[in-house]
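One-letter residues, chain by chain:
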Amino acid sequence: MRTCWTGALVALWLLLLSPVAQAVGDVNRVDATRLQLVKGIGPKMAERIVTERRRSPFRDWDDFIDRMPGVGERTARSFSAQGLTVNGVSLAQHQATGRSLNPPAR
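The shown structure was predicted, so the numbers you read here are calculated from the model rather than taken from an experiment.

*Asks:* Tell me about the overall build of the protein, and please be specific about residues and values.
*Replies:* Broken down by element type, the protein carries seven helices and two strands. Counted from the first residue to the last, the protein has its helices and strands arranged as α-α-β-α-α-α-α-β-α. Taken across its 106 residues, the protein has 34% of its residues classed as buried. Intrachain contacts of the protein at a sequence separation of at least 6 include 50% that bridge at least 24 residues. Roughly 7,300 Å² of accessible area belongs to the protein as shown, and the carbon and sulfur atoms make up 59% of that amount.

This is how it looks when you write it as structure tokens:
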């Protein structure tokens, strides 16, 4: 009986560590509690994200970075690696479309 429980606990632990379990979701849809699952997003930043998206949903990663103080490309990369998306698009997908996070000055 003990082996059965041990196996079940190991399976549960592996499930919780799987990428599917770690996927956070879209910054325009998830609540503040879910946003806080991302390392680097605490209660204050989560509330700022929710407040900012109420004004207007984030269009893309550039818009998210521009409107969120303290979030630059490195932080955005970390958020994206943890499963955060903007309109269903990861940062890598956004960059692969040829969009730059640092557009040339005009």
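More follows now that the structure is in view.
*Asks:* Which residues make up helix 4 (residues 43–55), and what values do they have?
*Replies:* In a regular helix each residue adds 1.5 Å, so 13 residues correspond to 18 Å; helix 4 covers 19 Å between its end C-alpha atoms and thus fits that length. Of the residues making up helix 4, those classed as buried are Met45, Ala46, Ile49, Val50, Glu52 and Arg53. For helix 4, the buried positions fall inside an angular range of 165 degrees around the axis, keeping them on one side. Pointing more than 90 degrees away from the buried face of helix 4 are the exposed residues Pro43, Lys44, Arg54 and Arg55.

*Asks:* An account of the pattern of salt bridges is needed here, citing residue identities and associated values.
*Replies:* As enumerated under the stated definition, the model contains six salt bridges in all. Among the ionic pairs, aspartate 26 bridges to arginine 29, the shortest N-O distance being 3.6 Å. You can call aspartate 26 buried: its relative accessible area is 6%. Arginine 29 sits in the exposed class, given a relative accessible area of 60%. Measuring nitrogen to oxygen at the nearest pair gives 2.8 Å for the salt bridge that ties arginine 67 to aspartate 63. With a gap of four residues between them, arginine 67 and aspartate 63 both fall in helix 5 (residues 61–67), about one helical turn apart. Take arginine 67 and aspartate 63: they sit in the same class, and that class is buried. Connected through shared salt-bridge partners, Glu52, Arg55, Arg59, Asp63 and Arg67 make up one network.

*Asks:* Which residues make up the side chain of serine 90, and what are the values?
*Replies:* Position of serine 90 among the secondary structure elements: in the loop between strand 2 (84–85) and helix 7 (91–96). Its relative accessible area of 18% is what places serine 90 among the buried residues. In contact with serine 90, other than residues within four places in its own chain, are Trp61, Ser80 and Thr85.

*Asks:* Could you give an account of the packing of aromatic side chains, with specific residues and numbers?
*Replies:* A full pass over the atoms with the stated rule returns two aromatic pairs. Relative to phenylalanine 64, the ring of phenylalanine 58 lies with its centre 5.0 Å away and its plane at 80 degrees, an arrangement referred to as edge-to-face. With a relative accessible area of 1%, phenylalanine 58 lands in the buried category. Among the aromatic side chains, those forming a connected cluster through ring pairs are Phe58, Trp61 and Phe64.

The rules we used
- Residues numbered from 1 in each chain as written.
- Predicted model: local features only at pLDDT ≥ 70, side-chain atom pairs only at ≥ 80, totals over all residues.
- Heavy atoms only, no water.
- Helix = DSSP H or I, 4+ residues; strand = E, 2+ residues; numbered from the N terminus.
- Buried < 20%, exposed > 50% of the residue type's maximum accessible area, 1.4 Å probe, protein only.
- Contact = heavy atoms within 4.5 Å.
- Areas by Shrake-Rupley, 256 points an atom, 1.4 Å probe, with all protein chains shown as cover.
- Expected span 1.5 Å × (residues − 1).
- Arc of directions from axis to C-beta.
- Salt bridge = Lys/Arg side-chain N within 4 Å of Asp/Glu carboxyl O.
- Phe/Tyr/Trp six-rings, centres within 6.5 Å; stacked < 30°, edge-to-face > 60°.

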